[in-house]
Amino acid sequence: MRLDKYLKVTRIIKRRTVANEACDSAHVTVNGKSAKASYDVKLGDIIEVTFGEKTLKFRVLDIKEHALKADASSMYEAITE
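Read on for an overview of the structure. (Residues numbered from 1 in each chain as written. Predicted model: local features only at pLDDT ≥ 70, side-chain atom pairs only at ≥ 80, totals over all residues. Heavy atoms only, no water.)

Two numbers describe a pair of aromatic rings. These are the distance of the centres and the angle of the planes. Under the defined criterion, the tally for this structure stands at one aromatic pair. Where Phe-58 meets Tyr-76, the ring centres are 4.9 Å apart and the plane angle is 85°; that geometry is what we call edge-to-face. Note that Phe-58 is positioned in strand β4 (residues 54–60) and Tyr-76 in strand β5 (residues 76–78), a separation of 18 residues in sequence. Across the pair, exposure class does not vary: Phe-58 and Tyr-76 are buried alike. (Phe/Tyr/Trp six-rings, centres within 6.5 Å; stacked < 30°, edge-to-face > 60°. Helix = DSSP H or I, 4+ residues; strand = E, 2+ residues; numbered from the N terminus. Buried < 20%, exposed > 50% of the residue type's maximum accessible area, 1.4 Å probe, protein only.)

Right, here's the structure in full:
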């Protein structure tokens, strides 16, 4: 699944166009490297999303094409440092 779609399906970012713009402006990294919106997300990937001063870090646990709001948070694990 594409990175921008994964961010939208998991509701980390609410809209796919916003997720696409975040990837294009280097606010999203996967496994420590800047990633484009077309990056193919794999199980175990570490995704970091920067919102201004705040950085959120997630580990991919599941990949689904569609997810209900209640199930979306089970697709990733938040990593705190």
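By size, the foremost hydrophobic cluster in this structure holds 22 residues, and its most contacted members are Leu-3, Tyr-6, Leu-7, Val-28 and Ile-47. Elements that contribute at least two residues to this core include exactly α1 (3–9), α2 (16–24), β1 (28–30), β3 (46–51) and β4. Looking at this core, the element that brings in the most residues is α1, giving four residues. Once residues within four sequence positions are removed from consideration, Ile-47 is found in contact with Leu-3, Tyr-6, Leu-7, Val-28, Thr-29, Val-30, Leu-56, Lys-57, Phe-58 and Val-60. (Core = buried A, V, L, I, M, F, W, Y, C linked by side-chain atoms within 4.5 Å. Contact = heavy atoms within 4.5 Å.)

With respect to the helices and strands, the residue Asp-4 is situated in helix α1. Using a relative accessible area of 1% as the deciding quantity, one classes Asp-4 as buried. For Asp-4, the side chain forms a polar contact with the side chain of Asn-20, separated by 3.4 Å. Not counting residues up to four positions away in its chain, the partners in contact with Asp-4 are Arg-16, Ala-19, Asn-20 and Ala-37. (Polar contact = N/O pair within 3.5 Å; in protein donor to acceptor, adjacent residues only side chain to side chain.)

Another aspect to go through is a positive patch on the surface. Together, Lys-8, Arg-11, Lys-14 and Lys-69 give the surface a local cluster of positive charge. If you trace the backbone, Lys-69 turns up in helix α3 (residues 69–72). (Patch = residues over 30% accessible without salt bridge, like charges linked within 9 Å, V, L, I, M, F, W, Y side chains within 5 Å. Areas by Shrake-Rupley, 256 points an atom, 1.4 Å probe, with all protein chains shown as cover. Salt bridge = Lys/Arg side-chain N within 4 Å of Asp/Glu carboxyl O. Lys, Arg positive; Asp, Glu negative; His and termini not counted. Charge placed at Lys NZ, Arg CZ, Asp CG, Glu CD.)

Before going further, it helps to examine the pattern of salt bridges. Inspection of every chain in the model, using the stated rule, returns five salt bridges. Residue Asp-4 pairs with Arg-16 through a salt bridge whose shortest N-O separation is 3.4 Å. With Asp-4 in helix α1 and Arg-16 in helix α2, this residue pair connects regions lying 12 residues apart in the sequence. Accessibility expressed as a relative area gives 33% for Arg-16, which makes it partly exposed. For Lys-5, the salt bridge identified is with Glu-65, shortest N-O distance 2.7 Å. With Lys-5 in helix α1 and Glu-65 in the loop between β4 and α3, the pair connects residues that are 60 residues apart, well separated along the chain. In the salt-bridge network here, residues are joined through shared partners; they are Arg-2, Asp-4 and Arg-16.

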